[in-house]
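# Descriptive analysis of the structure
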Amino acid sequence: MDRVFRFRKICLPIFLLLSTFLFSGSSNAQALERKFELQANSPEFWNLLERNAKLDLFAGGFGFTEGPVWDEAGFLYVSDETLNKIFRVYPGGRKEEVISLGDPDGNTYDQKHRLLDCASVLRAIIEVTPDGHYKILADHFEGKKFNSPNDVVVGPDGAIYFTDPTLDLVKGEKQEIPFQGVYRLDGKGKVRLLTKDLSQPNGLAFSPDGKRFYVDDSEQRNIRVYDVGRDGSLSNGRIFGEEPGGPHEGVPDGIKVDQSGNIFVTGPKGIWVWDPQGHHLGTIAMPEQPANLAWGDEDYRTLYITATTSVYRLRTKARGFVPYLKK
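Residues numbered from 1 in each chain as written. Predicted model: local features only at pLDDT ≥ 70, side-chain atom pairs only at ≥ 80, totals over all residues. Heavy atoms only, no water.

## A word on the nonpolar core
In this structure, Phe45, Tyr77, Phe264, Ile284 and Ile305 are the most contacted members of the largest nonpolar core, which totals 48 residues. Among residues more than four places away in sequence, those in contact with Ile284 are Phe36, Glu37, Leu38, Phe45, Leu49, Lys269, Gly270, Ile271, Val273 and Leu314. Grouped together as the second largest cluster of nonpolar side chains are 15 residues, Leu137, Phe146, Leu185 and Val191 included. (Core = buried A, V, L, I, M, F, W, Y, C linked by side-chain atoms within 4.5 Å. Buried < 20%, exposed > 50% of the residue type's maximum accessible area, 1.4 Å probe, protein only. Contact = heavy atoms within 4.5 Å.)

Below, the structure written as structure tokens:
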């Protein structure tokens, strides 16, 4: 999660209170500044989205949303980093608290259908049970505490891959690992460092064939791609794409991939869509800055997007690649 986001989510209530006194009609300022719009850079963009696609509000009234995960039962898991809770969110906007937890972040299911969460305050990767309890799966590397695990994905080998920037390192706590890494956690609980060549690694995703691994860097504002070895090792890291933007416009964060290998990455002003060759096909401009996204609905052709205080849904032509559903 972007440091700017972190500032915004903490200070948002104060800002809203002050703005009431300082500006008349200021509640409409965000809406006037930003709106939903499909911005094509290539005709191929329209192979993925209808020109008249509509963005729907799925649920609102959150503090700062992250970590969406669709459940086949018809609801969405959502982390709220301001309220420090993970919710089940149902069509119509009904919220059901699952667990109260300090600064939950990225989530995923694993291949055993366990809900995994990046617990920033615990500085750990945890399993969250349906009845609201948790179990720490990993919180150290070589005897030192993680920084603040941020996002997580299941690899083609069934192992858990996650990023560990300092973006949510608890104020006053010491950084014990002198770098910001990307790790692999296997079924036996062994943690292996895969790379430490990113400044602030954030979102991550595998290509559908499992041969490429994408991870973005919120500080450098770029996306890197690696070749994946049979043992989950990464090699040949290189820049896949850049997502530059102005102050407060957002940075590369959550990543999802469709079954054709197109990459959807949250970034400045919305969601940037890339083809597998690294061409920026277009941008889904959003009314609120998105942090993450997930494929959902029965056919996994709908993007559920966590964007600041709201969760949105956008129907697409693409079918999402969901690693934990892969047989």
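The structure having been displayed, the exposition proceeds.
## Overview of the pairing of strand 20 (residues 234-242)
Of the strand pairs in this sheet, strand 19 (residues 222-228) and strand 20 are connected by six bridges, and their pairing is antiparallel. When the sheet's bridge partners are listed, Arg224 is paired in strand 20 with Ile239. Between strand 19 and the antiparallel strand that follows it, strand 20, lie five residues; Gly232 among them carries a positive phi value of about 85 degrees. (Pairing = 2+ DSSP bridges. Helix = DSSP H or I, 4+ residues; strand = E, 2+ residues; numbered from the N terminus.)

## Description of the environment of Pro149
If you trace the backbone, Pro149 turns up in the loop between strand 12 (144-145) and strand 13 (152-154). Between the C-alpha atoms of Pro149 and Thr163, which are 14 residues apart in sequence, the distance is 5.7 Å.

## Some details on the confidence of the model for the chain
Taken residue by residue, the chain gives an average pLDDT of 92. The fraction at 70 or more is 90%. Note that residues 2-31 has pLDDT below 50 and, in this model, 36 contacts with residues that lie over four places away or in other chains. (pLDDT = per-residue confidence, 0-100.)

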